[in-house]
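Observations on the three-dimensional arrangement
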Amino acid sequence: MSDNHISSEKYLNMDLMRFTTAGSVDDGKSTLIGRLLYDSKAIFQDQMEAIEKTSEKMGDGYVNLALLTDGLRAEREQGITIDVAYRYFATPKRKFIIADTPGHIQYTRNMVTGASTANLAIVLVDARHGVVEQTNRHAFIASLLQIKHLVLCVNKMDLVDYTQEAFNKIVDDFETFSHKLDIPDIHYIPISALKGDNVVTKSEKMPWYDGSTLLYVLENVHIASDMNYVDCRFPVQRVIRPQSDEHHDFRGYAGRIEGGVFKPGDEIMALPSGFTTTIESIRTMDQELAEAFPPMSVVMTLNDEIDISRGDMIVRTNNQPHVNQDIDLMVCWLNDKPLNLRGKYTLKHTTQDLRCIVKDIRYKVNINTLHRIEDDLQLGLNDIGRISIRTTKPLFYDNYRRNRTTGSVILVDEFTNETVGAGMILT
Amino acid sequence: MHSYNLTHLKQLESEAIFIMREIASQFERPVLLFSGGKDSIIMVRLAQKAFWPAKIPFPLMHIDTEHNFPETIAFRDKMVDEVGARLIVRSVQDSINQGRVAEERGANASRNNLQTTTLLDALEEHQFDAAFGGARRDEEKARAKERFLSHRDEFGQWDPKNQRPELWNLLNGKKLPGEHFRVFPISNWTEMDVWQYIALENLEIPSIYFSHSRKVLDRNGILLAKCDFVSPLENESYTDRVVRFRTVGDMTCTGAVESNAGTLEAIIQEVASALVTERGARADDKRSEAAMEDRKKEGYF
Ligand SMILES: Nc1nc2c(ncn2[C@@H]2O[C@H](COP(=O)(O)OP(=O)(O)OP(=O)(O)O)[C@@H](O)[C@H]2O)c(=O)[nH]1
Ligand SMILES: [Mg+2]
């Protein structure tokens, strides 16, 4: 929305943080985003007037800030979020991309969509109801997706008289669960999204809380190290051969750096062929680069003509990914039609398209206890489990924990073409 | 070790280039929908960067209502020439002449909705299977719900309640015959990002974005430019005002804003302190609360 009052010089030097909301239905996610936008002055007059009118029409009796993100007709009618809404705002410190996701279990796949690219997840809990199954499910999904920063916001503090006991109880409950998760950085904040306590400004109603506001955390969390700058990975999207007079012999490989730092002169290997050569140049339309790192989109030229096409991967000879056809994944199932053991699916991984067969369903995860369920192996909508697949061709991949791009796959139904599974590679 | 940090605008640029390359490789017949407005000008620049030093590997297409600002059309032709791209123009007037659609009547008649039919017909005629658009999620609340890669059924319809999950950057472009996709590489850009990028890249834009003097009439708070397609109502009259346009649409529904901003730097200042959204001056969005959602469901841009 309006990226107001930030000088051009500052604006051009901001970094980018993507965050997502999570938590059970009606815990106040959309209201919180509305509040954050409103209090940081990222709402325009005409948007405000529009939601004031709608709130009045619906007899809310107050301005419903959730309407700022609940943009579909059906969402407004039902007062729930159905699909992710993306919103934008900036402070002099950072530029933010917000994915406001639905809490309703039926729409978990949309929550996963919003969370898959996030640096940080805000998980909301209703102070009256405490930690519920959806809180756990979403926190677990955030952990599986390797979101490294989580802010647990205990919301609706206004409805529990802003008492410290209510807050502490929920923090304790969540800690019991979250120590089983793989999230290194967790913050706890008592808030009222409706009234604005501790969202952008510090609440006077909770003197017992001496931590920071939500906005302060969002502005100051250290995200630069979330990217992998160690393992050089360059999946080839496209071979560029202009065949014009000016660039007659040009042959470049277009793609995005998905790991590590590449430099001209580096010795590289192309997969799957295994041929090696060195980098001649790394270019964009604007310049020749001395180095390229994630997430830059570049064109690479090499010193020897070796056979490389879309779907291949350029890596450093001394740091190669796994190359394998038998792979184990954690999978989030996203479709009404359950995962089919022995079934065949289209699989997409980096720039490769291939097919796979599901050879084994190892276990399903109990969302509340995180225990393995081994006697009921049906993976239905919103279930999470570990599976083994075999692919038609070798994949070049890293463990998802090491690299979110080279470690992720999607499964696509061969008949409906729908994306049915989100997979994170284990081995 | 020094820090490897891309500024947010460079990250957005890279994301858009990544998407364009994916689509050009996954689809047989992509097309870039080009209106001559600032967003589509940026789209063309990004496409040049994505495939450089090769040419843009798909044509541009303009769905021309013939109610455009003449400045936009002149700019369009010049730009296409400079870029060396192929431009396809399909006209709403032809669709009207062929009886595919009927002209709206009344004072607020607009060809905005009619474009959908012309667009869908043109996509079918050329068998385009992916159409790039320069729509941004920050423009409008229904647009805020869009995926990068947005599925359209054989009738060109969008089903916002049942969109495909879109995970990480794995774009699933699989489809049945007759279906197509809309692709929005600059989904994550804000109006400010667009202006900053235009300044950074030194891009040329149509003159109507800059402050100029023009005869306008005030219709329900929307300043409409004097032209052949708008007739003043009884109590309306033209006045000379110093204005500019924040978006470029049809002359029948795109309102001007009063402004002295004559340079990019001044426009950026103005955008930074704007109190209303850029589409706040678009009569086509004011028709009803879900006007954009309804149009999009039918296959609008
Ligand atoms: N009293 C009080 N009510 C709140 C607060 N935050 C949200 N609410 C109310 O809780 C209800 C649900 O809020 P939403 O923001 O729509 O909840 P949500 O988490 O986005 O719900 P889904 O997206 O459907 O999962 C609305 O009636 C809000 O006004 C709060 O801090 N205090
Ligand atoms: Mg919501």
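Residues numbered from 1 in each chain as written. Chains lettered and ligands numbered in written order. Predicted model: local features only at pLDDT ≥ 70, side-chain atom pairs only at ≥ 80, totals over all residues. Heavy atoms only, no water.

1. What about the domain arrangement of chain B?
Residue and element names in this part refer to chain B. With domains assigned, chain B is organised as domain 1 (8-194 + 290-298) and domain 2 (207-285). Carbon and sulfur atoms supply 54% of the area buried between domain 1 and domain 2, which totals about 2100 Å² over both sides. Contact with domain 2 buries area across many residues of domain 1, yet His67, Phe69 and Glu191 alone supply 31% of it, more than any other trio. Run the count over domain 1 and domain 2 and you get 2 salt bridges. Arg246 is paired through a salt bridge with Glu191; the nearest N and O atoms lie 2.8 Å apart. Linking domain 1 to domain 2 there are 4 residue pairs in polar contact (both at pLDDT 80 or more). Every element with two or more residues in the side of domain 1 that touches domain 2 is listed here: helix H3 (70-83), helix H6 (191-201) and helix H8 (291-298). Partitioning the side of domain 1 that touches domain 2 into residue classes produces 7 nonpolar, 8 polar and 9 charged. (Domains from an automatic or database assignment. Buried area = accessible area lost by both parts, 1.4 Å probe. Salt bridge = Lys/Arg side-chain N within 4 Å of Asp/Glu carboxyl O. Polar contact = N/O pair within 3.5 Å; in protein donor to acceptor, adjacent residues only side chain to side chain. Helix = DSSP H or I, 4+ residues; strand = E, 2+ residues; numbered from the N terminus. Nonpolar A, V, L, I, M, F, W, Y, C, P; charged D, E, K, R; others polar.)

2. Observations concerning helix H7 (residues 264-272) of chain B
Looking only at H7 of chain B, the buried set comprises Leu264, Ile267, Ile268, Val271 and Ala272 of chain B. In a view along the axis of H7 of chain B, the buried residues occupy a sector of 140°, so they form one face of it. Those residues of H7 of chain B hidden inside the fold are in contact with helix H1 (8-11) of chain A together with H6 and strand E9 (239-244) of chain B. (Buried < 20%, exposed > 50% of the residue type's maximum accessible area, 1.4 Å probe, protein only. Arc of directions from axis to C-beta. Contact = heavy atoms within 4.5 Å.)

3. Here's the deal with the sheet that holds strand E6 (residues 185-190) of chain A
Residue and element names in this part refer to chain A. The strand order across the open sheet built from 6 strands is E2-E3-E1-E4-E5-E6, with neighbouring strands paired in mixed fashion. Both edges of this open sheet fall to strand E2 (85-90) and E6, since each of them pairs with a single strand only. Within this sheet the neighbouring strands show an average axis-to-axis angle of 20°, counted without direction. Note: strand E1 (residues 15-23) against strand E3 (residues 94-100), 6 bridges, orientation parallel. Its bridge partner being in E3, Arg18 is matched across the sheet by Ile97. Each of E1, strand E4 (120-126) and strand E5 (149-155) is contacted by helix H6 (residues 133-144), which is oriented at about 170° to E4, the strand it contacts most. (Pairing = 2+ DSSP bridges. Axes fitted to C-alpha atoms, helices over the stretch in contact; angles between N-to-C directions.)

4. Quick word on the pairing of E1 of chain A
All names here are of chain A. The element E1 is largely enclosed, with a buried count of 8 among its 9 residues. For E1 and E4, the ladder comprises 5 bridges, and the chain directions are parallel. Looking at the pairing, Phe19 lines up with Leu120 of E4.

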